2 protein chains.
Amino acid sequence: MSSPEPRAPSPEARVKRIAILGSTGSIGRSALAVADAHADRLSVVGLAAGENAELLAEQIVRYKPKTVAMASGAALDRLRAIGAGDAALAGSGPDGLVAVATAPDVDLVLCASSGTDGLEAVLAAIEHGKTIALANKEILVMAGGLVTAAARRRGVAILPVDSEHNAIHQCLHGREASEIRRLILTASGGPFRGRRASELLDVSAEQALQHPTWRMGRKITIDSATLMNKGLEVIEAHWLFGVRADQIDVVIHPQSVVHSMVELTDGSTIAQLGVTDMRLPIQYAFSYPSRWNMSLPALDLVRAGRLEFDVPDTVAFPCLRLAYRALEADRSLPVVLNAANEVAVARFLEGRIGFSSIAEIIERTMNAHRPAEVASLGAVRAVDQWARDYSQEAARGVQLKV
Amino acid sequence: MSSPEPRAPSPEARVKRIAILGSTGSIGRSALAVADAHADRLSVVGLAAGENAELLAEQIVRYKPKTVAMASGAALDRLRAIGAGDAALAGSGPDGLVAVATAPDVDLVLCASSGTDGLEAVLAAIEHGKTIALANKEILVMAGGLVTAAARRRGVAILPVDSEHNAIHQCLHGREASEIRRLILTASGGPFRGRRASELLDVSAEQALQHPTWRMGRKITIDSATLMNKGLEVIEAHWLFGVRADQIDVVIHPQSVVHSMVELTDGSTIAQLGVTDMRLPIQYAFSYPSRWNMSLPALDLVRAGRLEFDVPDTVAFPCLRLAYRALEADRSLPVVLNAANEVAVARFLEGRIGFSSIAEIIERTMNAHRPAEVASLGAVRAVDQWARDYSQEAARGVQLKV
């Protein structure tokens, strides 16, 4: 008696196996909520966290990943002490992230680790043919050329999770690049929208952390207050969608209902709108090219009230202008912009420099740098290190008297 | 010596040969402006007009169509007297429209003739395998089942030119029907937005013809003032996109910047925005599946100011409610709605009935009708005739004292 031939499952029916880099952060926790809602379609096979061993231990109990990693050996020791169940401890630092991202049973890697920590892991995952869901804009700002070239060579999709780029990805859906006239990134304007430069000198970290429409991590919330977040998004959009700096506009849209837009060659504009909940873009990246149900309350435009649009004020918020300058100069200047920004924001959050000094430190570091090609990860890391050193020095020069 | 084999031109390079039904109307003239702007891509091979022989004669001199037609023999006589150059006079009435639409060298038929005059021509063009660009919503309201079934059977595309449906077509681009949760049609609200029923009793045709955002023909402008235009669009959307009445919502959006939206299964909303110029949707239908440049000023959201959204008032504007009722009853009731509306609007434009009587006449005619299947053009025309006769009688009953 012959048994029937097993049939290949349909692509839709197959469970997608995901690894999450940054699982205890804001995006990581939203991603796990999406996995909860679609347990029949998603399987969490890898988790990497920073320092929060307690939360990672809880996640291990709940999601039973095969491989886990943490940022430091000390964090890994704490996790070991709490207990990691049957999960294999893949290590710490960049190596741990690489191990989680490249494990053989991973289909898709969500990179939501902080800053540029996940860069090596993203490059390694691409080499292993994994689909990348990218929630971390610093990686493309720092190494957009390397990452997108590797993805093209390996035929790997990079799916943007940032709400703006996710919106543009949805707006472009199935359209030729030749149809794009320009991308329009929307910005809430942050907590200091409408203030002049002179009114921003003595704002505190606490004030800057009050984002009007989105609840996010601390670094990105400060970036939203300076508009550097939008500047990084401009650079990210350049790499994701292959458009020039002069084809990317930013418009202030305080209600954060329109997540971004694409103007096409005939002047028609396609926009994506939605509630401000990161589960939406995360689920879209997980489900792509399908689209799954979501039980979130739908957008109610009548309740949302009026939608407003305004031009950004690059005098009060010079970080946006600096990002355009970095993108137009190309080569190593975006690496410098990003590194100096990370240093300056950290100093601001520590209360050691004022809000206006963030842009000042970045600009001084950029002015001191001579742009060069960055054709390898080593070259990128070298420029990054130089910029961190220089901006730390610059930060000391503008330090507040406490 | 052998001559080289002729090569088939690329689809993009080939000139599209278009016939325009309703060439002297508002849409027809915009379509010819698009043909002017893309003379290398579009060739006007057929023109059909209503009664304006003078303008059609000018269009013949300029565009040199091979075949022309007019609504009546008298109009055709006037055209003959002025001179029709080398164009063949295909006849008058429905036969003339059919001849222009089915001429062998026509690739695409733009149906922008008034009311349901073009119904036979559209059905005949579909049978001849022509692509249909449909600017006339009455045809789908009256015979959506027949027209869409024929188009499916012949593999012919029906491209919507109405700005709302064109917007939805652009929003859906490449997406599966299973991704649609609901369609959201935007409505400017017309000149009487915000008024109560009691404030609409004595408005004049002149007032009703003052549309706040779009410049259009007289019939459609009155339909915009009563919101029947939106009701007809709801029915049209049902046929074009295969969605149920309860999946189609209408939202009042006075600025007419967002032309319509699609809410997808995950709650994400895709919108199409643009300036209010019919050349945009007409050109999109002509260029589809490509998209051509257009030198119109692009949408400037900052200058557009705020965008507002509100629920429609179906007490003051009962025509929208009547259209949903007709669609939900399906079968012959939309034919009755449309015919009674054409009669009532004509009487209102003649100053013989008041604004509020338009909905009253339609509702009385609908109430008097017993819905039946309409499986043939003959059945449709019979119901249409019955509804016209009944509503004319009803209109006499509510006639104004003059």
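Cut-offs and rules
Residues numbered from 1 in each chain as written. Chains lettered and ligands numbered in written order. Predicted model: local features only at pLDDT ≥ 70, side-chain atom pairs only at ≥ 80, totals over all residues. Heavy atoms only, no water. Buried < 20%, exposed > 50% of the residue type's maximum accessible area, 1.4 Å probe, protein only. Helix = DSSP H or I, 4+ residues; strand = E, 2+ residues; numbered from the N terminus. Pairing = 2+ DSSP bridges. Right-handed = clockwise from strand over helix to strand, strands pointing away. Core = buried A, V, L, I, M, F, W, Y, C linked by side-chain atoms within 4.5 Å. Contact = heavy atoms within 4.5 Å. Salt bridge = Lys/Arg side-chain N within 4 Å of Asp/Glu carboxyl O. Axes fitted to C-alpha atoms, helices over the stretch in contact; angles between N-to-C directions. Parallel < 35°, antiparallel > 145°, perpendicular 65-115°, else oblique. Left-handed = near helix turned anticlockwise from the far one by under 90°. Nonpolar A, V, L, I, M, F, W, Y, C, P; charged D, E, K, R; others polar. Least-squares fit on C-alpha atoms with pLDDT ≥ 70 in both.

Participant: Explain the pairing of strand E2 (residues 42-49) of chain B to me, and be specific about the residues and the numbers.
Facilitator: Residue and element names in this part refer to chain B. Along E2, seven of the eight residues are buried, which leaves the element largely enclosed by surrounding structure. Two elements, strand E1 (residues 16-21) and E2, share six bridges in a ladder whose sense is parallel. Within E2, the residue paired with Ala-19 across the bridge is Gly-46. Regarding topology, helix H1 (residues 26-37) serves as the crossover connection from E1 to the parallel E2, and that connection is right-handed. In this structure, E2 lies alongside strand E3 (residues 67-70), joined through four bridges in parallel fashion.

Participant: Go over the nonpolar core with me, naming the residues and quoting the values.
Facilitator: Soluble globular proteins tend to bury their nonpolar side chains together. Counting residues in hydrophobic clusters, the biggest one holds 183 residues, and the most contacted among them are Val147(A), Leu337(A), Val147(B) and Leu337(B). Aside from chain neighbours lying at most four places away, what touches Val147(A) is Leu119(A), Val122(A), Leu123(A), Ile126(A), Ile139(A), Leu140(A) and Ile158(A).

Participant: Pulling in residues and values, what's your account of the pattern of salt bridges?
Facilitator: For the structure on display, the rule yields 60 salt bridges over all chains. Taken together, the shared-partner salt bridges in this structure form one network comprising Lys137(A), Asp162(A), Glu164(A), Lys230(A) and Glu233(A).

Participant: Requested: an account of helix H11 (residues 279-287) of chain B, with residues and values cited.
Facilitator: The element H11(B) is extensively covered by neighbouring structure, given that eight of its nine residues are classed as buried. Inspection of H11(B) places Leu280(B), Pro281(B), Ile282(B), Gln283(B), Tyr284(B), Ala285(B), Phe286(B) and Ser287(B) among the buried residues, and these make up the whole buried set.

Participant: Please set out the packing of helix H1 (residues 26-37) of chain A against helix H2 (residues 53-63) of chain A residue by residue, giving values where relevant.
Facilitator: Residues and elements named next belong to chain A. Interaxial distance between H1 and H2 falls to 13 Å at its minimum, and their mutual angle equals 15°. Taken together, the axis directions place H1 and H2 in an arrangement best described as roughly parallel. Between H1 and H2 lies a crossing of left-handed hand. Only Leu-55, Gln-59, Arg-62 and Tyr-63 of H2 make contact with H1, whose side of the interface consists of Arg-29, Leu-32 and Asp-36. Of the residues that constitute the contact of H1 with H2, the class distribution is three nonpolar, one polar and three charged.

Participant: Tell me about the relation of the copies chain A and chain B, and please be specific about residues and values.
Facilitator: Each copy superposes on the other: chain A lies on chain B with an RMSD of 0.0 Å after a rotation of 180° and an axial shift of 0.0 Å. The transformation relating the two chain copies, once decomposed into turn and shift, fits a two-fold axis. When the interface residues of chain A are mapped onto chain B, 100% of them are again interface residues, pointing to one common binding face.

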